[in-house]
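Chain residues, written in single-letter form:
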Amino acid sequence: MIQIKLRNILLFTIPIVFIYMIIYFGWKNKIDHHLFNTKVIISIVLTISILHIFILFDKNIEKSYKSMIYFSFFILLIALFFSFIRIILNHGKIQKDLKIYLFISLILYLLIQITYLMRIIYVKIHNPAFIFITSFVLLSLLGSILLMLPSSTKKNKISFIDALFTSTSAVCVTGLTVLDTEKDFTYSGKIIILTLVELGGLGILTITSFFSYFFKNGFSFKEAIYVSNFLNVKTTNNVLTLAVKVVLFTLTVEFIGAILIYLSIKDKKIIGCDNPLFFSFFHSISSFCNSGFSILSQGLYSKSIRFNYFLQLIIAFLLILGGIGFNILFNFFTYLWLTVKRCFYKIFRDEYFKYPIHIISLNTKIVIITTFFLLFIGTIFFYINEYYYSLLEHHSFCGKWIAAFFSSATSRTAGFHVLNMNVLSPVTILFTIFLMWVGASPGSTGGGIKTSTFSLALINIISLSRGNNRLEIQRKEIPIESIRLAFSIIILSLFVIYVGILLIVFLDPEKNILSVVFEAFSAFSTTGLSLGITSSLSDKSKLILIFLMLLGRIGIFNVMISLLRNNKIHSHYYKYPKGYILIN
């Protein structure tokens, strides 16, 4: 009974700690510092740790809860140990910088507790799509509340719509902005945006799966189904390990990208940012997650870095890696590793190493070929069509090609730009709309209808034109379900975008129709490119774009599944007579 009460007390500490941190970070300059000094924070961490110790004495608690308690206690204990060592070394003096380590431990404590609570929710709710949608919606709402805190903005107050728009844009890794990230948000506000971008890019389910990996009892079958749906995996085998690989791979690539970006900035003073290291990490995370957010007012088009072509190449490759899909990357890296292994065996051991059958999957081949084709065609198109327009300011031959390559890569879902969007030719704008609509690859941080959907639909059209009744690619027959899904996604995307355009034109009739079309496609495909009308739209039009961003990131088909599909198993042991409908 005592342990049960202690569990309830520990559960009650979650909202208390969360509210305490919100008040501290939100009203840092307007609160009584005696309630938020280092001694009080150490007392909070110590009290929660003691609660953990008492709970661990209960021999009847379930394994999953016990492993969670061990894990969170270990995190808190490290922070306390480090704090006490620092105090002893400083002869009993408590320094203010200890707050950083203590708050980090409390944040990790909250994440671990939330992970455990979400695992309980997984068991209660039998709709994976609903869980997926709810996680993005709640994260967007939470982000908007955090961005409205006084310490988040340099203004006294921002409207709820602007905060919600910015939060949704970050969570959906879009990059459309109604406020100037550099001028309107403080350092704390930028960190909140960056956190939302990371959480939105990886997904709440992936993050919670990462923490669940450290629980001794692992995953339930239902949890594995949920995470496999988000990671776009057909099997539940090793899905927990895959989630951990995704998080670790993301953090590694973002760290390497940040170091390269930092090294690419020759003069650290001219970038227009007080902290070059923060600039590097912000743009590395924003690039890999394909969000397009920048802490410079003009983004990468700022004069200080507009012609930094090494920086452009780094960001381009980061966003390509983030947009190609984790499954494709892991599959391709496996092929490279086995190729190196084969060469090693042949050279040093004089042995023949045989490849496993079908290392590179058909899905990987289609995605890589389509991605390469779109990048190649896009680069040539931008170079030729913008040579006498936006590329004029790039004087060198290599500079023009790199800017064209960057524009081709970023147009598909990233949202950065190094060309003047106001002088783009109408043909380029229409071609960019097409690239945004196709977007990135499945299971990635990007949006759009996805490269595999576009390829499958195009190949099916060619196959039908040749009179084939079945779609076969490289001696493999594509299931009719995949073809139906591809065309359903295409039709639904065009329908949703059209309705969005119709509503925005109705609400803001004075706006240029081409700019509105560009904005709607950019929002739905979570690209973030704009022709400059975002901030001047009415609040109702901003709400339309918010819905488009959410539908684009979540997937309109996932929304329909959560609303229309029931949990009954449909076994059709019958067939109706075929009814033929005249088409074309």
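For the structure, see preceding data.
Note that the structure is a prediction, hence the values are computed from the model and not measured. (Residues numbered from 1 in each chain as written. Predicted model: local features only at pLDDT ≥ 70, side-chain atom pairs only at ≥ 80, totals over all residues. Heavy atoms only, no water.)

Chemist: How would you sum up the overall build of the protein chain? Please name residues and give values.
Modeler: A count of helical and extended segments in the protein chain gives 22 helices and two strands. Sorting the 584 residues of the protein chain into buried and exposed places 53% on the buried side. The contacts of the protein chain with a sequence gap of at least 6 include a subset with a gap of at least 24, amounting to 73%. Total accessible area on the protein chain is roughly 30200 Å²; 68% of this is exposed by carbon and sulfur atoms. (Helix = DSSP H or I, 4+ residues; strand = E, 2+ residues; numbered from the N terminus. Buried < 20%, exposed > 50% of the residue type's maximum accessible area, 1.4 Å probe, protein only. Contact = heavy atoms within 4.5 Å. Areas by Shrake-Rupley, 256 points an atom, 1.4 Å probe, with all protein chains shown as cover.)

Chemist: Could you give an account of the packing of helix 15 (residues 362-385) against helix 18 (residues 451-465), naming the residues involved and the relevant values?
Modeler: Following both chains from N to C, one finds helix 15 and helix 18 inclined at 95 degrees, their axes separated by 9 Å at the closest point. With respect to helix 18, the element helix 15 is oriented roughly perpendicular. Within the contact between the two elements, helix 15 uses Asn363, Ile366, Val367, Thr370, Thr371 and Leu374 and helix 18 uses Thr451, Ser452 and Ser455. A breakdown of the residues in the contact of helix 15 with helix 18 according to their chemical character gives three nonpolar, six polar and no charged. (Axes fitted to C-alpha atoms, helices over the stretch in contact; angles between N-to-C directions. Parallel < 35°, antiparallel > 145°, perpendicular 65-115°, else oblique. Nonpolar A, V, L, I, M, F, W, Y, C, P; charged D, E, K, R; others polar.)

Chemist: Mind laying out the side chain of Arg306, listing which residues take part and the relevant values?
Modeler: Mapped onto the elements, Arg306 comes out in the loop between helix 12 (276-288) and helix 13 (309-323). Those residues in contact with Arg306 that lie beyond four places of it in its chain are Leu300, Tyr301, Gln312, Glu393, His394 and Val418.

Chemist: So what's going on with the packing of aromatic side chains? Which residues, and what values?
Modeler: Applying the stated criterion across every chain yields a total of 18 aromatic pairs. Judged by centre distance (6.2 Å) and plane angle (50 degrees), the ring pair of Phe288 and Phe326 falls under tilted. Highlighted residues: Phe288 in helix 12 and Phe326 in helix 14 (residues 326-349), separated in sequence by 38 residues. Of the two residues, Phe288 and Phe326, neither departs from the other in class, the shared state being buried. Summarising the aromatic geometry, the rings of Phe382 and Phe431 are spaced 6.5 Å apart at their centres and angled 70 degrees between planes, so their arrangement reads as edge-to-face. A residue pair is termed long-range when its members are at least 10 positions apart, and Phe382 in helix 15 and Phe431 in helix 17 (residues 426-438) qualify at 49 residues. (Phe/Tyr/Trp six-rings, centres within 6.5 Å; stacked < 30°, edge-to-face > 60°.)

Chemist: Residue-level account of a nonpolar patch on the surface, with values.
Modeler: Together, Leu46, Ile50, Ile53, Phe54, Phe57, Phe81, Phe84, Ile85, Ile88 and Leu89 give the surface a local cluster of nonpolar side chains, amounting to about 1000 Å² of exposed area. For the nonpolar patch, the secondary-structure elements that each account for two or more residues are helix 2 (38-56) and helix 3 (63-89). Among the elements that make up the nonpolar patch, the one with the highest residue count is helix 3 (five residues). With respect to the helices and strands, the residue Phe57 is situated in the loop between helix 2 and helix 3. (Patch = residues over 30% accessible without salt bridge, like charges linked within 9 Å, V, L, I, M, F, W, Y side chains within 5 Å. Salt bridge = Lys/Arg side-chain N within 4 Å of Asp/Glu carboxyl O.)

Chemist: If you had to explain unusual backbone geometry to someone new, which residues and values would you point to?
Modeler: You will see that Gln474, though not glycine, has its phi angle at about 50 degrees, which is positive. Within the secondary structure layout, Gln474 lies in the loop between strand 1 (472-473) and strand 2 (476-477). Within the chain, Arg475 stands out as a residue other than glycine whose phi angle is a positive 60 degrees. Take Arg475: it is sitting in the loop between strand 1 and strand 2. Arg475 gets classed as exposed once you look at its relative accessible area, which sits at 88%.

Chemist: Quick rundown of the pattern of salt bridges? Include the residues and the values.
Modeler: Taken as a whole and assessed by the stated rule, the structure comprises four salt bridges. Taking the shortest distance from any N to any O, the salt bridge between Asp162 and Lys542 comes out at 3.0 Å. Of this pair, Asp162 sits in helix 6 (residues 160-171) while Lys542 sits in helix 21 (residues 539-554); the two residues are 380 residues apart in sequence, bridging distant segments of the chain. Judged by its relative accessible area of 13%, Asp162 falls in the buried class. Using a relative accessible area of 5% as the deciding quantity, one classes Lys542 as buried. We note a salt bridge from Arg306 to Glu393, for which the minimum N-O separation is 2.9 Å. Highlighted residues: Arg306 in the loop between helix 12 and helix 13 and Glu393 in the loop between helix 15 and helix 16 (397-410), separated in sequence by 87 residues. Residue class for Arg306 comes out buried when judged on its relative accessible area of 8%. One connected set of salt bridges, linked through shared partners, spans Arg470, Glu472 and Glu477.

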